[in-house]
Amino acid sequence: MILVVAEHAEGKLSKSTYELAEAACTLGREGPVTLLVLGSGVATVAAEAARLADQVLVADLPALEHHDPTVWGGAVAQIAAEGEAHTILIAATRTGREWSPRVAVKLEAPLLEDVVSLEDVGGALRASRYTFLSRVTERMEAAGPVVVVTIKPGAFAAKAPSAEVAEQFDVELNLATPLLRVTGRTLEKTERVSLTDAEIVVAGGRGVGSQEAFTKLVEGLADELGAAVGATRAVVDAGWRPYSEQVGQTGKTVQPKVYVALGISGAVQHISGMGKSQVIVAINRDADAPIFRDADYGIVGDVKQIVPALIRQLKGTA
Ligand SMILES: Cc1cc2nc3c(=O)[nH]c(=O)nc-3n(C[C@H](O)[C@H](O)[C@H](O)COP(=O)(O)OP(=O)(O)OC[C@H]3O[C@@H](n4cnc5c(N)ncnc54)[C@H](O)[C@@H]3O)c2cc1C
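The rules behind these values
- Position numbers for residues start from 1 in each chain and track the written sequence from start to end.
- Reporting of local features is limited, given that this is a predicted model, to residues whose pLDDT is at least 70; pairs of side-chain atoms are given and counted only at 80 or more, and all residues count toward the totals for whole chains, interfaces and linings.
- Secondary structure elements follow DSSP: runs of H or I of four or more residues count as helices, runs of E of two or more count as strands, with numbering from the N terminus.
- Just to be clear, the radius of gyration here is over C-alpha atoms, and the globule rule we use is 2.2 Å times residues to the power 0.38.
- Buried residues are those with 20 or more other C-beta atoms within 10 Å of their own C-beta, exposed residues have 12 or fewer, and partly exposed residues lie in between; C-beta atoms are placed from the backbone.
- A residue pair is marked as a contact if its C-beta atoms, positioned from the backbone, fall within 7 Å.
- Strand pairing is defined by DSSP finding a minimum of two bridges between the two strands.
- Helix axes use the C-alpha atoms of the stretch in contact, all axes being lines fitted to C-alpha atoms, and the angles between their N-to-C directions lie in the range 0 to 180 degrees.
- For each residue, a C-beta atom is positioned from the backbone; the residue is called near a molecule or strand if that atom sits within 6 Å of it.
- Put simply, Ala, Val, Leu, Ile, Met, Phe, Trp, Tyr, Cys and Pro go in the nonpolar bin, Asp, Glu, Lys and Arg in the charged bin, and everything else, Gly too, in the polar bin.
- The domain limits used here are those given by an automatic or database domain assignment.
- Nonpolar cores are identified as sets of buried Ala, Val, Leu, Ile, Met, Phe, Trp, Tyr and Cys residues joined via C-beta atoms within 7 Å.
- Every angle not falling under 35 degrees, over 145, or within 65 to 115 is termed oblique; those three ranges are roughly parallel, roughly antiparallel and roughly perpendicular.
- Each helix crossing is assigned a hand: it is left-handed if the near helix lies turned anticlockwise from the far helix by less than a right angle, otherwise right-handed if that turn is clockwise.
- Note that bend, as reported per residue, equals the angle between axes fitted to the 7 residues terminating at that residue and the 7 residues originating from it.

### Some details on the overall build of the protein
Part 1 of the reasoning: Along the backbone of the protein there are nine helices and 17 strands.
Part 2 of the reasoning: Here the protein has a C-alpha radius of gyration of 21 Å; the compact-globule value for 318 residues is 20 Å, and the two agree.
Part 3 of the reasoning: Dimensions along the principal axes, computed over C-alpha positions, put the protein at roughly 60 × 40 × 40 Å.
Part 4 of the reasoning: Taken across its 318 residues, the protein has 44% of its residues classed as buried.
Part 5 of the reasoning: Taking the intrachain contacts of the protein between residues at least 6 apart in sequence as the baseline, contacts between residues at least 24 apart amount to 63%.

And the structure:
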């Protein structure tokens, strides 16, 4: 079977779990796609997972409330071994990266880490990932009977939930003793939708002109569209925006329904982080800017004139 480990927060599956499910279902490897839901109080999450896989395994235990790497690594390895999983898919998020190596070690399996593509070629798993500060795309192949894979968030499309509801099974676990204890959590309140989950992203590049103009134009348009804010590396390097908003090879990979690129040239390192967006809209004053090769809709013009007009139109004050 293909074992997909669900990530979830606040009673909902994360977008990366939908992407893992898509990767599993399109891989064409034999056996059922099995979603594993670990956690405490996860009944709603398991019900959501039942629309993404052939079957769902659930371990609902207070000891699984937090991501202790020893506990999670041991639990996933146990279930993978008992279910004779040949492929284990985990999100390459901070937590997934923390415990996935433990799963690989326990199963004596190769670990394909942070991959952006995955295919089965004659029984071997082929994958690619960015390396050397993302200057190099590395291709790898794992031929072992069991392979552990972590997938870069945003690299795959999200699976559409099925109308059919898969069967759920409770699993029993021999949990390891936790070596870490989470002693508290503070949730940062933000009004804005997260960059990797957003359906619309408004991103700005150096062409926006300044930090102040970025706030006015990019944030202003994002507010009207209910969108997340993204930035190019040039903007992050200039200190206009935090690194957490950088889109591209050395930043986040996003796949929203609409990506609006304002004053962005369209360097290959930027495109690799947003090129799979469903619709790309670009505004750039240079008609030859490379971004127009990837854009579905383009406006040749000055963002300082066009974006305020768009904002006024959306506000209904035009
Ligand atoms: C190893 C490596 C990793 C990298 N990783 C990333 C990454 O993760 N993400 C990333 O984004 N980049 C990355 N880069 C950098 C990348 O190569 C580009 O330098 C960067 O994306 C350019 O950012 P930009 O489009 O904002 O700026 P520029 O290339 O300077 O483009 C600005 C654009 O704005 C237009 N413009 C100017 N004024 C206006 C105006 N008033 N109205 C409308 N348009 C205007 C210009 O015509 C131009 O096309 C990486 C580079 C390397 C070498």
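### Let's talk about the sheet that holds strand S9 (residues 124-131)
Part 1 of the reasoning: With antiparallel pairing, three strands are arranged side by side in an open sheet as S8-S9-S10. Strands with a single pairing partner mark the edges of an open sheet, and in this sheet they are strand S8 (117-121) and strand S10 (136-142). With strand direction ignored, the average angle separating the axes of adjacent strands in the sheet is 20°.
Part 2 of the reasoning: Here five bridges tie S8 to S9, and the two strands are oriented antiparallel to one another. Along S9, the bridge assignment pairs Glu119 with Arg126.

### Some words on the site of the ligand
Part 1 of the reasoning: The local shell around the ligand holds 31 residues, among which Gly205, Gly207, Arg233, Gly248 and Ser265 are the closest.
Part 2 of the reasoning: Listing elements by their share of the shell around the ligand, those giving two or more residues are helix H6 (233-237), helix H7 (268-274), strand S16 (279-284) and helix H9 (303-315).
Part 3 of the reasoning: Here the shell around the ligand is composed, by residue class, of nine nonpolar, 15 polar and seven charged.
Part 4 of the reasoning: In this structure, the shell around the ligand is formed jointly by two domains, domain 1 (2-170) and domain 2 (200-315), each of which donates at least three residues.

### What to know about the domain arrangement of the protein
Part 1 of the reasoning: Structurally, the protein comprises domain 1 (2-170) and domain 2 (200-315).
Part 2 of the reasoning: Centre-to-centre separation of domain 1 and domain 2, based on C-alpha positions: 32 Å.
Part 3 of the reasoning: The residue makeup of the side of domain 1 that touches domain 2, split by class, is five nonpolar, two polar and one charged.

### What to know about the environment of Arg312
Part 1 of the reasoning: By the secondary structure assignment, Arg312 is in helix H9.
Part 2 of the reasoning: Through-space distance from the C-alpha of Arg312 to that of Ala109 is 57 Å; in sequence the pair is 203 residues apart.
Part 3 of the reasoning: Contact partners of Arg312, with chain neighbours within four places excluded, come to Thr317 and Ala318.

### With respect to unusual backbone geometry
Part 1 of the reasoning: With a phi angle near 50°, Glu84 is a residue other than glycine that sits in the positive phi range.
Part 2 of the reasoning: For Glu84, the location among the structural elements is in the loop between helix H3 (69-82) and strand S6 (87-91).
Part 3 of the reasoning: Phi angles above zero are rare outside glycine, and Glu108 is one such case at about 50°.
Part 4 of the reasoning: Structurally, the position occupied by Glu108 is in the loop between helix H4 (94-107) and strand S7 (111-115).
Part 5 of the reasoning: By the C-beta count within 10 Å, which is 9 here, Glu108 ends up exposed.

### Concerning the nonpolar core
The nonpolar side chains of a soluble globular protein tend to be buried, and buried together.
Part 1 of the reasoning: Among the nonpolar cores identified, the biggest contains 58 residues, and Val4, Leu36, Val37 and Ala49 are the most heavily contacted of them.
Part 2 of the reasoning: The contacts of Leu36, once residues within four sequence positions are left out, are Leu3, Val4, Val5, Ala6, Leu57, Val76 and Ile79.
Part 3 of the reasoning: If you look at the next biggest cluster of nonpolar residues, it comprises 35 residues, including Val202, Leu217, Leu221 and Ala295.

### Some details on the packing of H3 against H4
Part 1 of the reasoning: Orientation of H3 relative to H4, taken along the N-to-C sense of each, is 45°, at an axis distance of 8 Å. Considering the angle they form, H3 stands oblique to H4. By crossing handedness, the relation of H3 to H4 is classed as right-handed. Of the residues in H4, those in contact with Pro69, Trp72, Gly73, Val76, Ala77, Ala80 and Ala81 of H3 are Glu98, Trp99, Arg102, Val103, Lys106 and Leu107.
Part 2 of the reasoning: When its residues are assigned to classes, the contact of H3 with H4 shows nine nonpolar, one polar and three charged.

### Points about the sheet that holds strand S4 (residues 33-39)
Part 1 of the reasoning: The strand order across the open sheet built from seven strands is S7-S11-S6-S1-S4-S5-S12, with neighbouring strands paired in parallel fashion. The two strands at the open ends of the sheet, each matched to only one other strand, are S7 and strand S12 (167-170). Averaged over all pairs of adjacent strands, the angle between strand axes in this sheet comes to 20°, irrespective of strand direction.
Part 2 of the reasoning: Relative to S6, strand S1 (residues 2-5) runs parallel, the two sharing three bridges.

### Here's the deal with H4
Part 1 of the reasoning: Where H4 bends most, at Ser100, the angle is about 25°, and the proline Pro101 comes one to four residues later.
Part 2 of the reasoning: Packed against the buried residues of H4 are H3, S6, S7 and strand S11 (147-151).
Part 3 of the reasoning: Positive phi shows up at Glu108, right after H4, with a value of about 50°.

### So, the environment of Ser265
Part 1 of the reasoning: The residue Ser265 is located in the loop between strand S15 (258-262) and H7 in this model.
Part 2 of the reasoning: For Ser265, a count of 17 C-beta atoms within 10 Å gives the class partly exposed.
Part 3 of the reasoning: On a C-alpha basis, the gap between Ser265 and Phe292 in space is 8.7 Å, while along the polypeptide they are 27 residues apart.
Part 4 of the reasoning: In contact with Ser265, other than residues within four places in its own chain, are Gly205, Ala289, Pro290 and Ile291.

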